[in-house]
Amino acid sequence: MSEKLFNKILIANRSEIAVRIINGCRVLGIGSVAVYSEADINSKHRLVADESVAIGPPPPGESYLDIDKIINAARETGCDAIHPGYGFLAENPDLPERCAQEKITFIGPSAEAMRLMGNKVASRVKMAEVDVPLIPGMTAAATELDVFRKAAEKAGYPVMIKAAAGGGGKGMRVVNGPGELGDAIEAARREAKNAFGDDTVYLEKFIANPRHIEFQVLADQHGNCIHLFERECSIQRRHQKIIEETPSVALDAKLRARMGAAAVNVARAADYTNAGTVEFLLDRDGNFYFLEMNTRLQVEHPITELVTGTDLVVEQIRIAAGKPLSDGLKNLTQRGHAIECRLYAEDGDNNFMPSTGTIRHYSEPTGPGIRVDSGIMAGMEITIDYDPIMAKLIVHAPDRQTAITKMVGALESYRILGVKTSRKFMVEALCHPEFRAGRTYTSFIDDNMSERAEQDDDGLSREMAAAVAAVLSMTTVRGSVTGAGPSEASPTPWQVMGSWQIGDSINA
Amino acid sequence: MPKHEFTINGETIECSSEKHGRQYEVKVLGRTFTVTPTSPGLFSVLVDGQVHSAAAVVGADGSILVDIKASVLELREPSDEEFAGGAGDHGEEKDKIFAPMPGKIVKLPVKVGDTVEPRQQVVIVEAMKMENPVVAKARGKVKAVHFAVGDQVDTESPIVELELEEDPAKA
């Protein structure tokens, strides 16, 4: 039994990723400390951690984004390391800097690497130096409309306005002609300011119908750097990923090797350590361009873990503790096919409007090659305070078609009542012939899912629902209609049993 | 034989059930479903030789929520009508436009007198760090605009009111 890498790790995050990291700590025998805001007082991540510290009212600025509170919580509980998860402070260089001052290990890259790659414009400049193919466009931020106009003319319309300080679809606008440029810049600035606190935007040529392919990289503090192959993330809605898979059907061994090598070059150029992801756009002609690097663990990391047989959170902790990359990471190959679907609290049947409510029933699908990374449980309240991701459903199968079938079955057996999700939408996307054929471009949803027929299986679902409702109403006590107490979410056996007698029943 | 009646999406469905040990045979519009409660909230359903599984609970407003094949259906018993429509449930009101959740209006591209088409963007409300466009559900003329860009709105006060166009094709 090797010695513990850390005594305790504080997870500066919430929901499913916090649960995931706690899981990694458990595997390594390291204590876990969760932080929670008032909105998360009954949350799963708080429940599964060894210890938890209250860090303030719901607004992220007063809780999860408050570095002082995070550091205090770590000191209070004797943590020697902090894992930032994704989102929140994960790409804020102030956190690793504070950690360094406090002699707490930050599980992630250095503040410098974060700063460099976190700035989309600066990273473009750096990558141009090391000969990584770039999307044509601005290599410096600007505010004057004229500069944007000239850059757009040089790159050629259509162009895209993007936020320098972050991604995830926020602060992005496509511009088809010079007439739209001014408004687009304005809208992008507004969104960027709100999402990242920084309204710096820049301009790039818009690559039509690309595939979004990213490569996972791991680098230790001893100069070793590897890639763990790609993830295909082309199913996106408003630039937010919803379905990801690996391997990508668009890559053959040669292209994979070239892109993988480029990803490693990017990481080395940035002096990167720990886990990171290098994003590329692949155009229809098989050319790839560096898009950006994410200096954190990503939401979709599980698909990489399943096909390579690795545990990225464990690797992150090891790297941060100064260990070289594990032997298990040598000679990696991709085995089988993995797909991930993100479960958001949003109404997939109503323009994906955010959904809130109390989870009244929750049961996960199970079976070989089915994995659920969840931040929710029955009885929890989903509020508007945070990003609506609730859980991730991941499947692994020997080949792509089997993985698709397995995912559809898993989505259909994943039961969440009380909050709306877009499971039905994802089933439709997965069953779509274009998806089955592997023709997954970032325009997939716009191209194939804008007209969704009202699928009527000749009333079967409705009738089945009525039959189930009839039995439910006979077997549960429909008491008060207010209050989300445990009896609503999960009736007691007394409620479910209905009438019963001791001894033999005379009427069958 | 206990009888039940439910409304789902405005349609009324009747069913009658018979209990056999742990199972229930429920007849709905000529089809017979064999429903077996398996664990709290979970049911196994056999119909036409195929097995399906479903989850069902009583919702916050007394309706029954059933999760079947990745869809959630909401059923009400006729006596529940008075409880129907929780906060923010404005699905049926086509002549009023509400925010989907509390937020700030960042765009309001219509004014009184404009004609809007179904699916036309009427307002964009910023919530959860994303811009959420709200579209008109029917054709109509804008008869009132109660807010402006920059205003904070809740889900209860209509932002835009429409005078719906009479659809001659509708019964």
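See the structure above.
Conventions and cut-offs
Residues numbered from 1 in each chain as written. Chains lettered and ligands numbered in written order. Predicted model: local features only at pLDDT ≥ 70, side-chain atom pairs only at ≥ 80, totals over all residues. Heavy atoms only, no water. Buried < 20%, exposed > 50% of the residue type's maximum accessible area, 1.4 Å probe, protein only. Helix = DSSP H or I, 4+ residues; strand = E, 2+ residues; numbered from the N terminus. Arc of directions from axis to C-beta. Contact = heavy atoms within 4.5 Å. Polar contact = N/O pair within 3.5 Å; in protein donor to acceptor, adjacent residues only side chain to side chain. Phe/Tyr/Trp six-rings, centres within 6.5 Å; stacked < 30°, edge-to-face > 60°. Lys NZ or Arg CZ within 6 Å of the ring centre and 35° of its normal. Core = buried A, V, L, I, M, F, W, Y, C linked by side-chain atoms within 4.5 Å.

**Student:** Explain helix 3 (residues 67–77) of chain A here, please?
**Tutor:** Structural remark: α-helix, 3.6 residues per turn; residues separated by three or four positions point the same way. Residues and elements named next belong to chain A. Among the residues of helix 3, Ile67, Ile70, Ile71, Ala73, Ala74 and Thr77 are the ones counted as buried. One face of helix 3 carries all of its buried residues, which in axial projection span an arc of 160°. Residues of helix 3 that are exposed and point over 90 degrees away from its buried face: Arg75 and Glu76. For helix 3, the secondary structure elements touched by its buried residues are strand 1 (8–11), strand 2 (31–36), strand 3 (51–54), strand 4 (81–83) and helix 4 (94–102). The N-terminus of helix 3 is capped by Asp66, whose side-chain oxygen sits 3.1 Å from the backbone nitrogen of Asp68. Gly78 lies just past helix 3 and shows a positive phi near 75°.

**Student:** Looking at this model, I keep getting lost on the packing of aromatic side chains. Mind explaining?
**Tutor:** The description of an aromatic ring pair rests on the distance of the ring centres and on the angle between the ring planes. All names here are of chain A. In the structure shown here, the tally under the stated rule is eight aromatic pairs over all chains. Judged by centre distance (4.8 Å) and plane angle (90°), the ring pair of Phe352 and Phe425 falls under edge-to-face. Placement of the pair is Phe352 in the loop between strand 15 (346–347) and strand 16 (353–354) and Phe425 in helix 13 (residues 423–431), with a sequence separation of 73 residues. Judged by its relative accessible area of 11%, Phe352 is buried. Phe425 sits in the buried class, given a relative accessible area of 2%. Geometrically, the ring pair formed by Tyr362 and Tyr414 is edge-to-face, given 5.7 Å between the ring centres and 65° between the ring planes. Taken as a pair, Tyr362 in strand 18 (residues 361–363) and Tyr414 in the loop between helix 12 (400–413) and strand 22 (415–417) lie far apart in primary sequence, 52 residues in all. Sitting over the face of the ring of Tyr36, Arg46 holds its NZ or CZ atom 4.1 Å from the ring centroid.

**Student:** Teacher, can you tell me more about unusual backbone geometry here?
**Tutor:** Phi is mostly negative for residues that are not glycine, and the peptide bonds are mostly trans. Residues and elements named next belong to chain A. Across the junction of Tyr157 and Pro158, the peptide omega takes the value 0°, indicating a cis bond. With respect to the helices and strands, the residue Pro158 is situated in the loop between helix 7 (145–155) and strand 6 (159–163). Geometrically, the link from Thr246 to Pro247 is a cis peptide bond, its omega value of -5° lying close to zero. Structurally, Pro247 is set in the loop between strand 11 (240–246) and helix 9 (253–269). Even without a glycine there, the phi angle at Lys103 is positive, about 60°. As for its placement among the helices and strands, Lys103 is situated in the loop between helix 4 and strand 5 (105–106).

**Student:** What am I meant to see in the nonpolar core here?
**Tutor:** Nonpolar side chains tend to gather and get buried jointly when the protein is soluble and globular. With 68 residues, the main nonpolar core has A:Ile243 and A:Leu430 as its most contacted residues. Discounting residues that sit within four places of it in the chain, A:Ile243 has contacts with A:Glu232, A:Cys233, A:Ile235, A:Ile339, A:Glu340, A:Cys341, A:Met426, A:Ala429, A:Leu430 and A:Phe435. Within the second largest apolar cluster, 30 residues are counted, among which are A:Leu460, A:Ala470, B:Ile8 and B:Val58.

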